[in-house]
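What follows is each chain in one-letter form.
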Amino acid sequence: MIEITDKNIGTITGAILIEFYASWCGKCQKGLKNLAAFEAETGVMTGKCDFQRNPKLLNQFITNGLPLYVLFVNGKPQKRVVGLCDLKEEFQIDCNSRP
């Protein structure tokens, strides 16, 4: 799992599932554990982005809840899911069709 920042988000190629989170959010902390397990089980690259440390991304991806998961393919957002979820179920089709 890589740390995503305002500076490096535009440099990532291929498929990556990113969790946007806040350090004070308990559900987000659980989500980060789920994200690590998702990467281990699927081989899909994952990343995490703390909204508090990356205000430009907060403004770009603002949402009504946390955690926010966004699947990027070649730098473009393909699918968003808000809240804790079964990541394999939510992103399975998208990940199976990754480049």
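Residues numbered from 1 in each chain as written. Predicted model: local features only at pLDDT ≥ 70, side-chain atom pairs only at ≥ 80, totals over all residues. Heavy atoms only, no water.

**Considering the environment of Asn 74**
Along the chain, the position of Asn 74 falls in the loop between β4 (68-73) and β5 (76-82). Note: C-alpha distance between Asn 74 and Gly 14 (60 residues apart in sequence) is 4.7 Å. (Helix = DSSP H or I, 4+ residues; strand = E, 2+ residues; numbered from the N terminus.)

**Notes on the environment of Gly 10**
Note on placement: Gly 10 falls in the loop between β1 (2-3) and β2 (15-21). A sequence separation of 65 residues divides Gly 10 from Gly 75, and the C-alpha atoms of the two residues are 6.2 Å apart.

**Describing the nonpolar core**
In summary, soluble globular proteins display a tendency toward joint burial of nonpolar side chains. Counting residues in each nonpolar core, the largest one holds 13 residues, and the members touching the most others are Ile 4, Ile 9, Ile 18, Phe 20, Leu 57, Phe 61 and Phe 72. Put simply, the parts of the chain that give this core at least two residues each are β2, α2 (55-61) and β4. Excluding residues that lie within four positions of it along the chain, Ile 4 makes contacts with Ile 9, Ile 12, Ile 16, Ile 18, Gly 47, Lys 48, Cys 49, Asn 54 and Leu 57. Judged by nonpolar contacts, the second largest core, of nine residues, contains Leu 17, Phe 38, Tyr 69 and Leu 87. (Core = buried A, V, L, I, M, F, W, Y, C linked by side-chain atoms within 4.5 Å. Buried < 20%, exposed > 50% of the residue type's maximum accessible area, 1.4 Å probe, protein only. Contact = heavy atoms within 4.5 Å.)

**Overview of the pairing of β2**
Across the seven residues of β2, seven count as buried, placing the element largely inside the fold. Burial along β2 is two-sided: Ala 15, Leu 17, Glu 19 and Tyr 21 and Ile 16, Ile 18 and Phe 20, pointing in opposite directions, are all buried. Here six bridges tie β2 to β4, and the two strands are oriented antiparallel to one another. Across the sheet, residue Ile 18 finds its bridge partner in β4, namely Val 70. The pairing of β2 with strand β3 (residues 45-50) spans six bridges and is parallel. Residue pairing in the sheet places Leu 17 in a bridge with Thr 46 of β3. With respect to chirality, the unit in which β2 leads through helix α1 (residues 26-42) into the neighbouring parallel β3 is right-handed. (Pairing = 2+ DSSP bridges. Right-handed = clockwise from strand over helix to strand, strands pointing away.)

**So, the sheet that holds β1**
Judged by pairing direction, the sheet is mixed, and its five strands sit side by side in the order β1-β3-β2-β4-β5 without closing on themselves. Of all strands in the sheet, those bounded by a partner on one side alone are β1 and β5. Together, β2, β3 and β4 form the strand contacts of α1, whose direction differs from that of β2 by roughly 165 degrees. (Axes fitted to C-alpha atoms, helices over the stretch in contact; angles between N-to-C directions.)

**Concerning α1**
End to end, α1 covers 25 Å across 17 residues, agreeing with the expected 24 Å (1.5 Å per residue, within 8%). Two residues or fewer past α1, Gly 43 is found with a positive phi of approximately 80 degrees. (Expected span 1.5 Å × (residues − 1).)

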